[in-house]
Amino acid sequence: MAEELILLNIWASPFGMRVRIALAEKGVDGYETREENLQNMSPLLLQMNPVHKKIPVLIHNGRPVCESLIIVQYIDEVWKRGSPLLPSDPYRRAHARFWADYVDKKLYSLGKLIWLTTGEAAAKEELIGCFKLLEGELGDKTYFGGDSFGFVDVSLISFYRWFNVFEHFGNFSMVVECPKLVAWAHRCAERESVSKCLPNEQEFFDFVVELRKKAMTK
Amino acid sequence: MESQEVKLLGFWVSPFVHRVEWALKLKGVPYEYIEEDIFNKSPLLLELNPVHKKVPVLVHNQKVLAESFVILEYIDENWKQCPLLPQDPYDRAKARFWAKFAEEKILSDGAWRAARAKGDNREKALGSTIEALEKIEGELKGKGKFFGGESIGYLDLALGWISYMLPVWEDVGSIKIMDPTRFPATAAWMSEFVNHPAVKDSLPPRDKMIIYFEKRLKELEI
């Protein structure tokens, strides 16, 4: 039976990137990506994600899966090729889910306080603290998943292009504050699944600058 | 076979703790319950959950787990009897989706906020909570006793707090959120839930909850 796979995405979205990386890790590339515009959402997006009206949405044989980490788990459970993104041991799985959840809970909202405002010191300290905690969790491992690139790696590397946005607007240096995490990020970026999903660095930065201008003039 | 030593750090009125307890009870897993005072956190709690400093924390043979949804999935994967999540990946994704949705829109920023808020803030919070409840109502229609059908499961545990805590908040906040005529499927589900054997004898006493939330309302008025 022919499989139909459509991803509703926005090129700059870290959440969409997680889905693309996960699919790439599984060797799934025969899918259609449709670029959405949140100011002018497609009827398909509104139909497939009426609850949140957000991307990414993965539509598999006509059925939508929403919320990036839920989609990544779905991908891991459906496509068994390649190395699993979540380990098989329940405790290690729980550990991975905990840290992916931590990234979700902390990074995006803390990050917004940095780039959407005029640099509050407290927010910067908290964000750096967040990165340092993640660095501590990484330890001396190659990846958060150990020897294998896994769930937490996917969750966090999707924010890679945000690192120099945070640095720029927060006025700090990632490599000074958390060198091991930066080294980890470079390792991940060397993986084909990640490198082909990363948006162009300058394009992304310019995009955020534009977003910031618009938000701050409102 | 290794001995199963399970400890649960909790707080008597926390819905996040309750859902873990129900899961353990459903699976028939014996555990030692340790009551924490979340307003005066013990060194044990701070040591076991330094990242969030919250309950519930599950300790299983020295393995420490935090975050209630993470714990629920762990319990489900570690003890195979009475499965909580469905087998099919798409159904699992749906259950996880709705659990997250309810957590964000009805629990955290929804009903409790509406109960505490005044004036415009109240209207706004009430409106969005009801909108969210409508979606849950839609999910329950034609399902049977529970979200997954005839058996209780992950999504029921995730939303279970609605059946006994929401009425308390409505009382304390003098606010009507869950109108049974408007949400008949939800009202029926609430009744099934509180009467489920794994749930009914473990709920905190209503009068104790009323006193607690009245106090919290005064402290957290918005």
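From a predicted model like this one, the values you see are computed outputs, not experimental measurements. (Residues numbered from 1 in each chain as written. Chains lettered and ligands numbered in written order. Predicted model: local features only at pLDDT ≥ 70, side-chain atom pairs only at ≥ 80, totals over all residues. Heavy atoms only, no water.)

Draft legend 1. Structural view of the packing of helix 1 (residues 14–25) of chain A against helix 3 (residues 68–78) of chain A. Residues and elements named next belong to chain A. The contact between helix 1 and helix 3 brings their axes to 9 Å, and the two run at 5°. Between helix 1 and helix 3, the crossing angle belongs to the class labelled roughly parallel. On helix 3, the residues that touch F15, R18, V19, A22 and L23 of helix 1 are S68, L69, I71, V72 and I75. Considered class by class, the residues forming the contact of helix 1 with helix 3 number eight nonpolar, one polar and one charged. (Axes fitted to C-alpha atoms, helices over the stretch in contact; angles between N-to-C directions. Helix = DSSP H or I, 4+ residues; strand = E, 2+ residues; numbered from the N terminus. Parallel < 35°, antiparallel > 145°, perpendicular 65-115°, else oblique. Contact = heavy atoms within 4.5 Å. Nonpolar A, V, L, I, M, F, W, Y, C, P; charged D, E, K, R; others polar.)

Draft legend 2. Geometry of the sheet that holds strand 3 (residues 57–60) of chain A. All names here are of chain A. The four strands are arranged 2-1-3-4 in an open sheet whose pairing can be described as mixed. Single-partner strands in this sheet number two, and they are strand 2 (32–35) and strand 4 (63–66). Strand-to-strand twist across the sheet, computed as the mean angle between neighbouring axes with direction ignored, equals 20°. The sheet contact formed by strand 3 and strand 4 spans four bridges and is antiparallel. If you follow H60 over to strand 4, its bridge partner there is R63. Across the sheet, helix 1 touches strand 1 (5–9) and strand 3, and the angle it forms with strand 1 is around 150°. (Pairing = 2+ DSSP bridges.)

Draft legend 3. Local environment of the sheet that holds strand 3 (residues 57–60) of chain B. All names here are of chain B. Pairing is mixed across the open sheet formed by four strands, whose spatial order is 2-1-3-4. What marks the edges here is a single partner per strand, and that holds for strand 2 (32–35) and strand 4 (63–66). Strand-to-strand, the axes of this sheet are offset by a mean angle of 20°, without reference to chain direction. Taken together, the four bridges between strand 1 (residues 6–10) and strand 2 define a ladder with parallel strand orientation. Paired with G10 across the strands is E35, a residue of strand 2.

Draft legend 4. View of the interface of chain A and chain B. Contact with chain A, which involves 23 residues of that partner, is made by 24 residues of chain B. Between chain A and chain B lies a buried interface of about 2300 Å² when both sides are counted; carbon and sulfur atoms form 68% of it. Note that K100(B) and E67(A) form a salt bridge whose closest N and O atoms lie 2.4 Å from each other. Taken together, chain A and chain B are joined by nine residue pairs in polar contact (both at pLDDT 80 or more). Only strand 4, helix 3 and helix 4 (90–115) of chain A provide two or more residues apiece to the side of chain A that touches chain B. The greatest single-element share of the side of chain A that touches chain B, amounting to 10 residues, is contributed by helix 4 of chain A. Here the residues of the side of chain A that touches chain B sort into 14 nonpolar, two polar and seven charged. (Buried area = accessible area lost by both parts, 1.4 Å probe. Salt bridge = Lys/Arg side-chain N within 4 Å of Asp/Glu carboxyl O. Polar contact = N/O pair within 3.5 Å; in protein donor to acceptor, adjacent residues only side chain to side chain.)

Draft legend 5. Unusual backbone geometry, seen in detail. Of note, the amide linkage connecting I55(A) to P56(A) takes the cis form, showing an omega dihedral of 0°. Position of P56(A) among the secondary structure elements: in the loop between helix 2 (43–48) and strand 3. In this structure, P56(B) follows V55(B) across a cis peptide bond, with omega equal to 5°. Of note, P56(B) is situated in the loop between helix 2 (43–48) and strand 3. The backbone of E67(B) sits at a positive phi, close to 80°, despite the residue not being glycine.

Shape descriptors only; they carry no functional weight alone.
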